[in-house]
Amino acid sequence: MVTIKVRENGPYVVTGPVTITDADGALYTPPEGKPNIALCRCGGSSTKPFCDGTHNANGFLAPERASGGEAP
Ligand code: FES
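Note that the coordinates shown come from a computational prediction; the quantities given were computed from them, not determined experimentally. (Residues numbered from 1 in each chain as written. Predicted model: local features only at pLDDT ≥ 70, side-chain atom pairs only at ≥ 80, totals over all residues. Heavy atoms only, no water.)

Visitor: Help me out: how do you make sense of the packing of aromatic side chains in this one?
Guide: Geometry of an aromatic ring pair is reported as the spacing of the ring centres plus the angle between the planes. Taken as a whole and assessed by the stated rule, the structure comprises one aromatic pair. Between the aromatic rings of Y28 and F50, the centroid separation amounts to 6.1 Å while the plane-to-plane angle is 90°, which identifies the pairing as edge-to-face. Here F50 lies in the segment after β3 (37-39) and Y28 lies in the loop between β2 (12-15) and β3, a separation of 22 residues in the sequence. Its end group placed over the ring of Y12, R41 keeps NZ or CZ at 5.3 Å from the ring centre. (Phe/Tyr/Trp six-rings, centres within 6.5 Å; stacked < 30°, edge-to-face > 60°. Helix = DSSP H or I, 4+ residues; strand = E, 2+ residues; numbered from the N terminus. Lys NZ or Arg CZ within 6 Å of the ring centre and 35° of its normal.)

Structure, rendered in structure tokens:
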């Protein structure tokens, strides 16, 4: 099962077996030693599509919550 967690003011954290490709289908290699993959959604990462922590310094704010959803 793949889970994507939307982090408050941060990345999408993907847990589970996924393949990430660019627009041409070339594979991205996820950072080593990480059990989960964090995908940038602030646009500031220098290692896109992966989060590099820049969201902590660039003022990215996205505290939204799912409405009507259930927590697992
Ligand atoms: S969400 Fe972390 S660097 Fe963009």
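Visitor: When you look at the sheet that holds β3 in this model, what are you seeing that I'm missing?
Guide: To summarise the sheet geometry, strands pair through backbone hydrogen bonds and adopt either a parallel or an antiparallel arrangement. The three strands are arranged β1-β2-β3 in an open sheet whose pairing can be described as antiparallel. Every other strand in the sheet has two partners, leaving β1 (3-6) and β3 as the edge strands with one partner each. Sheet twist, expressed as the mean angle between neighbouring strand axes with direction ignored, is 25°. Strand direction decides the pairing type here: β1 and β2, joined by four bridges, are antiparallel. For I4, the partnering residue across the bridge sits in β2 and is V14. (Pairing = 2+ DSSP bridges. Axes fitted to C-alpha atoms, helices over the stretch in contact; angles between N-to-C directions.)

Visitor: Would you mind going over a nonpolar patch on the surface with me for this structure?
Guide: On the surface, a nonpolar cluster with roughly 400 Å² of combined accessible area is contributed by V2, I4, V6, Y12 and V18. Note that I4 resides in strand β1. Using a relative accessible area of 55% as the deciding quantity, one classes I4 as exposed. (Patch = residues over 30% accessible without salt bridge, like charges linked within 9 Å, V, L, I, M, F, W, Y side chains within 5 Å. Areas by Shrake-Rupley, 256 points an atom, 1.4 Å probe, with all protein chains shown as cover. Salt bridge = Lys/Arg side-chain N within 4 Å of Asp/Glu carboxyl O. Buried < 20%, exposed > 50% of the residue type's maximum accessible area, 1.4 Å probe, protein only.)

Visitor: Help me understand the pairing of β2 in this model?
Guide: Walk down a regular strand and you will see the side chains alternate between the two sheet faces. In this structure, the hairpin formed by β1 and β2 is closed by a connection of five residues, where N9 is found at a positive phi of approximately 55°. Two strands pair when backbone bridges link them, and β2 and β3 are joined in this way by three bridges, in the antiparallel orientation. Bridge assignment links Y12 to a residue of β3, and that residue is L39.

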